[in-house]
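The lines below spell out each chain.
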Amino acid sequence: LTHAQNSKMSKIIVDIFEGYELSTSDKGILERLQVPVSEDEAKRVEIVRQTTLLDSSQSDDGFDRISSLASRIFSMPYSAITMVDIDRVWYKSLCGIDMNEIP
């Protein structure tokens, strides 16, 4: 993207998130993005954060049963239930994988 296109995209992204509770750091991350962001993205991020599942205990029997069942149904060695924040992916449940977050 050219500088002008990037600046325009940054303004669009900031406008989309207007009225939602984002930290200064989050806004900075969004302003540096060089990819289109859906108009529903701000609402999605707000809802993900309202669930309080981000950074919650990774071990949760309900979610673990779902990811284990998915592995068996689809005959796959790995499955995951993830929560996608602005700058990271939080793994709420993993089957066959040993990690809890990627930046």
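Keep in mind the model is a prediction, meaning the values are calculated, not measured.

1. A few points about helix α3 (residues 41–50)
When we look at burial in α3, the residues that qualify are E41, A42, V45 and V48. The buried residues of α3 occupy one face: seen down the axis, they fall within an arc of 130°. Just downstream of α3, T52 is the residue with a positive phi angle, here 60°.

2. Re the pattern of salt bridges
According to the stated counting rule, one finds 3 salt bridges in the structure shown. Between R88 and D85 there is a salt bridge whose closest N-O contact spans 3.7 Å. Judged by relative accessible area, which is 8%, D85 ranks as buried. Taken together, the salt bridges that share partners define one network made up of R49, D85 and R88.

3. A few points about the environment of S56
Checked against the element boundaries, S56 lands in the loop between α3 and α4 (61–73). Among all residues touching S56, those that are not within four sequence positions of it are W90 and K92.

Parameters and conventions
Residues numbered from 1 in each chain as written. Predicted model: local features only at pLDDT ≥ 70, side-chain atom pairs only at ≥ 80, totals over all residues. Heavy atoms only, no water. Buried < 20%, exposed > 50% of the residue type's maximum accessible area, 1.4 Å probe, protein only. Helix = DSSP H or I, 4+ residues; strand = E, 2+ residues; numbered from the N terminus. Arc of directions from axis to C-beta. Salt bridge = Lys/Arg side-chain N within 4 Å of Asp/Glu carboxyl O. Contact = heavy atoms within 4.5 Å.

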